[in-house]
Amino acid sequence: MFGKIRNSFQLVFIIMIASGLFASVNAQSLEEIMKTRGLSQTDMLAAAKTYTPSGKLDEYVVFSSGGQSGQVIVYGVPSMRILKYISVFTPEPWQGYGYGDDESMDIIYKQGSIRGKEITWGDTHHPALSETAAEYDGQYCFINDKANPRVAVIDLKTFSTTQIVANPIMKNEHGAAFVTPNTEYIIEASQIPAPFTNDYVPLTEFNEKYRGAMTMWKFSRKKGKILEENSFSVELPPYCQDLSDSGKNMSEGWVFTNSFNSERYIGGFGPGNTKFRDRLPHEAGMSSKDTDYLHMIHLDTAIKLFEQGKYKKINGHPVISMETMIANNALFLIPEPKSPHGVMINPSGQYLTVSGKLDTHVSVYDFKKMMKLINAKEYEGRDPYNVPILSMTKSLHGQVELGLGPLHTQYDSEKGIAYTSLYVDSAIARWDYLKLKLIEKIPIHYNVGHLVAAEGDTATPDGKYLIALNKLAIDRFTQVGPLHPQNHQLIDISAGHPMQLLYDMPLPLGEPHYAVMIKADKLKPLIRYKQKWFKNRVKPGRERIVREGNKVTVHSTLIRSHYSPEIIEVNKGDEVVWHLTNLERAQDETHGFSIYLYNINGSLEPGETSTFRFTADQEGVFPFYCTEFCSALHLEMMGYLLVKP
Ligand code: K7E
Ligand code: CUA
């Protein structure tokens, strides 16, 4: 019933009717509950806007980064019920991700490794959903790892990670993942500059040899994969490139990233480094100038240059030099206020909002004005790398004073309306970026980073809901020790009334940065895997144990509630290859597969096949069993691996 409610007046009306009906049945109950629990009318309204009765579904689905957990958190709106943690860069036993099966071991330990090192966590920041004509299409989700520059593909048919690509030249990143309006490219921008090569370069050579970059990962929708061989990077100055966005509509073909530390300050504070003794810490040295640079990169030209072979290979990866980009009018800088954070393109693609963390203003740039300057070759100057600089005043539509510590912006369904998070103020501002005026602010608890509005970075945002992704949850929840959960606060932004805070949701799984919110009915996940997708699938009746020399291959099936075969006998030292197919057709009939001592746990979802490989290197008795409570006889779903001396 509440799914169809369009405004709060209807809601108040419904509550009035509901409480009226209720009153006739049980005169004091509602009032009594309000009184004993200390709830106000506003609280009751908020409850009615979020409460989702058993069996009712959410209108929106949020994909949130999982911060240091290296995962993606999926939850519903308005209920704020957590639906799934998708494991991406980190092993996760429930989903059998990284616990022995060929497929996930390949993704996490092979595709995910860098320079021969296995990395089993990620600092996920910015999820992006695949788009068609700048609208979410519900097919794929992409997420970055800031700590060890990587980008992952999540297939939304199964809500599972299907690919990780490691960046060949970056040593740190931040401005990822974001997609072009038709998902031809997934883009990743570096943050902390470093040499592209893997060798030692002293910091005294920072200006000459350290670099920033933007990698354009080519995505094939048909294959559901990033094609590394068709991907390339563009060299950028050694500023700290920050959050990025892709142009849309009028600005399609361009990509933007802001930056900080255009000072190129290299730190050295603290003892231990005689060369840079008595220096300011990074935080002070990196924010001494009044402006940094918004970067404009013409992706379409970069693609042409790549296709023409106008690049150098570094670590086997094509990199287009700044020189080439500049010579082809494909790279420009525009000053932006002090240590900016967040650049977001509005739905029409004409306006870009940039927040200055250390400035109270949000700057609105006009893409048309920027293009006019570019077409007239009207430059204000050049940076030390000869990159043309456009005039800030001539590029600006205007600036609005919103409050302290503006960070990120999302857009509303109503023309000109945007929402910006104010980190220092701990508030969200609703403002008009066309008329350049602040409309209202709502306080949040506390220190909001990103915020997400329903389809808020597409060409047609929905309005309705906004979530503040808060960094601190002081006073909000029952104390659980010095480390607090994060707090996602749901806010009603539907037109016609002031913003209303509806719900606090604790997220105890890392510090989520960004999230994206999609209309739930755009998602079309599978109920079961198609058995024929798996080349190692085992058909019913074809279960067997095959020995070739010291290699033993087990072809096994699972169905409620037994494994076939149940007893597997091998000799010590045998190589075991174990294929398991879940034959279930019933929805949600997942079976697990764990063996004593082998650090193996599989999640065999209906129709799925997994393959496990190990050496039976110790003699003994190794029970295996199903880890998912699948039926009344679930405990009986077990077997023995017997290893003979
Ligand atoms: Cu502002 Cu990494 Cu997008 Cu955190 S970032 S908030
Ligand atoms: Cu299968 Cu429990």
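For the rest of this paragraph, the subject is a nonpolar patch on the surface. The grouping of Ile567, Val621, Tyr625, Met638 and Tyr640 at the surface amounts to a nonpolar patch, some 460 Å² of accessible area in total. Mapped by element, the contributors of at least two residues to the nonpolar patch are β41 (620-625) and β42 (638-644). Residue Ile567 is classed as partly exposed on the basis of its relative accessible area, which comes to 47%.

Once that is clear, we can look at the sheet that holds β41. Strands sit in the order β36-β42-β41-β38-β39 across an open sheet of five strands; the sheet is mixed. A strand with exactly one partner marks an edge of an open sheet, and here the two such strands are β36 (567-571) and β39 (600-604). With direction set aside, neighbouring strand axes in the sheet form an average angle of 15°. Bridging between β41 and β42 involves six bridges; their strand directions are antiparallel. Considered in β42, the bridge of Tyr625 is made with Met638.

Hydrogen bonds between backbone atoms are what pair the strands of a sheet, whose relative direction is either parallel or antiparallel. Read across the open sheet, the four strands follow the order β18-β19-β20-β23; overall the sheet is antiparallel. At either margin of the open sheet sits one strand with a lone partner, and together these are β18 (340-345) and β23 (396-401). Here the average twist between neighbouring strands, direction ignored, is 20°. Sheet topology places strand β20 (residues 361-366) next to β23; five bridges connect them, and they run antiparallel. Paired with His361 across the two strands is Glu401, which belongs to β23.

Taken together, Lys530, Lys532, Arg537, Lys539, Arg542 and Arg544 make up a surface patch of like positive charges. Locating Arg544 in the fold gives a position in strand β33 (residues 544-548).

It is worth spelling out the pattern of salt bridges at this point. Inspection of every chain in the model, using the stated rule, returns 22 salt bridges. Between Lys441 and Asp425 there is a salt bridge, with its nearest N and O atoms 3.2 Å apart. Taken together, the positions of Lys441 in strand β27 (residues 437-443) and Asp425 in the loop between β25 (417-422) and β26 (427-432) put the pair 16 residues apart, joining distant regions of the chain. Given the relative accessible area of 30%, Asp425 is considered partly exposed. Among the charged side chains, a network of salt bridges with common partners joins Arg560, Glu584 and Glu589.

Calculation criteria
- Residues numbered from 1 in each chain as written.
- Chains lettered and ligands numbered in written order.
- Predicted model: local features only at pLDDT ≥ 70, side-chain atom pairs only at ≥ 80, totals over all residues.
- Heavy atoms only, no water.
- Patch = residues over 30% accessible without salt bridge, like charges linked within 9 Å, V, L, I, M, F, W, Y side chains within 5 Å.
- Areas by Shrake-Rupley, 256 points an atom, 1.4 Å probe, with all protein chains shown as cover.
- Salt bridge = Lys/Arg side-chain N within 4 Å of Asp/Glu carboxyl O.
- Helix = DSSP H or I, 4+ residues; strand = E, 2+ residues; numbered from the N terminus.
- Buried < 20%, exposed > 50% of the residue type's maximum accessible area, 1.4 Å probe, protein only.
- Pairing = 2+ DSSP bridges.
- Axes fitted to C-alpha atoms, helices over the stretch in contact; angles between N-to-C directions.
- Lys, Arg positive; Asp, Glu negative; His and termini not counted.
- Charge placed at Lys NZ, Arg CZ, Asp CG, Glu CD.

Such coordinate-based values are descriptive only and should not be taken to indicate function.
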